[in-house]
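Structural overview for review
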Amino acid sequence: MVPGTTERRIDKMIRLLVKNATVVVPGPKIASQIGVTRSAVALWVKTLRNLGVEIKGHVGAGYQLVKIPDILVPSLIQPELGENEIGRAIIHFFRTDSTNTAALVLAQDGAEHGTVVVAEEQTGGRGRLGRTWYSEKSSGIYVSIILRPPFSPTAAPILTLMAGVATQQTLSAITGLSVDIRWPNDLLVNGKKVAGILTEMNAELGRLHAVVLGIGINVNHTEMPGGLKPTATSLRIESQRPWSRVQICIALLKELERYYHLLLEKGSGAIAERWAAASTYATGKRIRIVTAEAECLATTIGLNPSGALRVRYDDSREEALVAGEIAEVK
Ligand code: BTN
């Protein structure tokens, strides 16, 4: 077992309670089915209650789940994924520093393609360009997916765009909100960031061992912290209602599986096409390009099949951006 991951038996207990959601399950029955003591069951009930899982205790009779919990444990996600490769192994943490860090270590230790690492809370969530990712407990989805694609490291950026399209499709289909993608990987609702993607890899010259796609989605935050308010939002803030993180996570993993197969079968051009159809940033957008050296203005003129963003500067020069950061000029 990976240190700090959720006890398989807690996961089993949640599944048992979910399966018997309308009845009171006696403590001794839970204890014997899972293979732990009755006091361990009482302790885990406490842990789960702390995470917002509503469990009613009936003195002398047992425990009853008040409603299906919205926690991202394997037992609630895996049964919905069928034969998919993505999610065949799911490692869950109630709390970890960063799911990307955990996934990179697991990948280094040989974790299989499609392994998913997910957490209820991150204490050191990481964003692009050395930023931090605000990872409030049980409000967002913090997930990292280990992929072992048959590409060279130079082809890896298309995976970020692939994750962007899969996330955009998932969020717009479930919430009905209009979700935009800012190149390369920011998901926006009403101009504010609702999700982001951090792609990291394990590679040596010319050889890609593993890619970790880290996806953070602000789902049920009722407000964003002060400094983030002008630029970040959540699905709940934008739609005025909470969403099931479990449902979103299942749909996201399914979409990633679908787009990964599209990429393998049809190549990066097919992903670039889908990305361009899903983003208002693909063509005709006035943008500011921020690099370490300078800032300049340009207009977007499409996406290369490799996923590079083509821009035309005001002096008519054209360039394809492979990395960096852009902002809309209003
Ligand atoms: C960004 O937009 O800057 C990327 C944010 C990526 C955040 C996710 S949350 C899950 C995974 N673990 C991390 O530490 N970061 C990514």
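1. Section: the environment of threonine 280
Take threonine 280: it is sitting in the loop between helix 9 (268-278) and strand 10 (283-290). Taking the relative accessible area as the measure of exposure, threonine 280 reaches 42% and is therefore partly exposed. For threonine 280 and proline 3, which are 277 residues apart along the polypeptide, the C-alpha to C-alpha distance reads 43 Å. Once residues within four sequence positions are removed from consideration, threonine 280 is found in contact with Asp180 and Lys285. A distance of 2.5 Å separates polar atoms of two side chains, one belonging to threonine 280 and the other to aspartate 180. Within the structure, threonine 280 has its side chain in polar contact with the side chain of lysine 285 (distance 3.0 Å).

2. Considering the layout of surface pockets
As a volume, the largest pocket reaches approximately 760 Å³. Surrounding the largest pocket, 38 residues form its lining, Arg131, Thr132, Trp133, Asp186 and Lys193 being those nearest its centre. Contributions of two or more residues to the lining of the largest pocket are made by helix 5 (99-108), strand 5 (140-147), strand 7 (186-189), strand 8 (192-204), strand 9 (207-218) and strand 14 (325-328). For the lining of the largest pocket, the element with the highest residue contribution is strand 8, accounting for five residues. Empty space within the second largest pocket amounts to approximately 460 Å³.

3. Considering the nonpolar core
Formed by 92 residues in total, the largest nonpolar core has its most connected members in Ile145, Met162, Ile217 and Leu256. Considering each element in turn, this core owes the most residues, eleven residues, to helix 8 (residues 245-266). Setting aside residues no more than four positions away along its own chain, methionine 162 makes contact with Leu147, Leu213, Leu256, Tyr259, Tyr260, Leu263 and Ile271. In terms of nonpolar packing, the next biggest core, distinct from the first, is built from twelve residues, Ala102, Ala103, Leu106 and Val117 among them.

4. Some thoughts on the sheet that holds strand 9
Across the sheet, which stays open at both edges, the seven strands sit in the order 3-4-5-9-8-7-6 with mixed pairing between neighbours. Unpaired on one side and paired on the other, strand 3 (90-93) and strand 6 (179-182) mark the two borders of the sheet. Strand after strand, the sheet turns through a mean of 20 degrees between neighbouring axes, direction not considered. In terms of strand pairing, strand 3 meets strand 4 (residues 116-119) through four bridges, oriented parallel. Pairing of phenylalanine 93 across the sheet is with alanine 119, part of strand 4. Those strands touched by helix 6 (residues 157-175) are strand 5, strand 6, strand 7, strand 8 and strand 9, and its axis lies near 30 degrees from that of strand 9. Relative to the sheet, helix 8 contacts strand 4, strand 5 and strand 9, its axis offset from that of strand 5 by approximately 25 degrees.

5. Notes on the site of the ligand
Around the ligand lies a shell of 20 residues, among which Ser98, Gln122, Arg126, Arg128 and Lys193 are the nearest. One nitrogen or oxygen atom from the side chain of threonine 99 is found 3.1 Å from a nitrogen atom belonging to the ligand. Side-chain polar atom of lysine 193 to an oxygen atom of the ligand: 2.5 Å apart, as the coordinates give it. For the ligand, whose free accessible area comes to 420 Å², the fraction covered by protein is 99%. Among the cavities detected, the one that contains the ligand is the largest pocket. Residue assignment for the shell around the ligand shows that the elements contributing at least two residues are helix 5, strand 5, strand 8 and strand 9. The element that contributes the greatest number of residues to the shell around the ligand is strand 8, accounting for four residues. Its residues assigned to classes, the shell around the ligand comprises six nonpolar, ten polar and four charged.

6. Let's talk about the packing of helix 6 against helix 9
Packing of helix 6 against helix 9 leaves a shortest axis separation of 9 Å and a crossing angle of 45 degrees. Looking at the two axes, helix 6 sits oblique to helix 9. The handedness of the crossing between helix 6 and helix 9 is left-handed. Only Ser268, Ile271, Ala272, Arg274, Trp275 and Ala278 of helix 9 make contact with helix 6, whose side of the interface consists of Ile158, Leu161, Met162, Val165, Gln168 and Gln169. In terms of residue class, the contact of helix 6 with helix 9 is made up of eight nonpolar, three polar and one charged.

7. Re the side chain of histidine 113
Note that histidine 113 resides in the loop between helix 5 and strand 4. There is a polar contact of 2.9 Å between the side chain of histidine 113 and the backbone nitrogen of arginine 148. In contact with histidine 113, not counting residues within four places along its chain, are Glu85, Ile146, Leu147, Arg148 and Tyr260.

So, how was this worked out
Residues numbered from 1 in each chain as written. Predicted model: local features only at pLDDT ≥ 70, side-chain atom pairs only at ≥ 80, totals over all residues. Heavy atoms only, no water. Helix = DSSP H or I, 4+ residues; strand = E, 2+ residues; numbered from the N terminus. Buried < 20%, exposed > 50% of the residue type's maximum accessible area, 1.4 Å probe, protein only. Contact = heavy atoms within 4.5 Å. Polar contact = N/O pair within 3.5 Å; in protein donor to acceptor, adjacent residues only side chain to side chain. 1 Å grid on protein atoms, 1.4 Å probe; cavity = no way out; pocket = protein on both sides within 12 Å on 5 of 7 lines; lining within 4 Å. Points joined across faces, edges and corners; volume = space filled by probe spheres on them. Core = buried A, V, L, I, M, F, W, Y, C linked by side-chain atoms within 4.5 Å. Pairing = 2+ DSSP bridges. Axes fitted to C-alpha atoms, helices over the stretch in contact; angles between N-to-C directions. Near = heavy atom within 4 Å. Areas by Shrake-Rupley, 256 points an atom, 1.4 Å probe, with all protein chains shown as cover. Sits in = over half its atoms within 2 Å of the grid points. Nonpolar A, V, L, I, M, F, W, Y, C, P; charged D, E, K, R; others polar. Parallel < 35°, antiparallel > 145°, perpendicular 65-115°, else oblique. Left-handed = near helix turned anticlockwise from the far one by under 90°.

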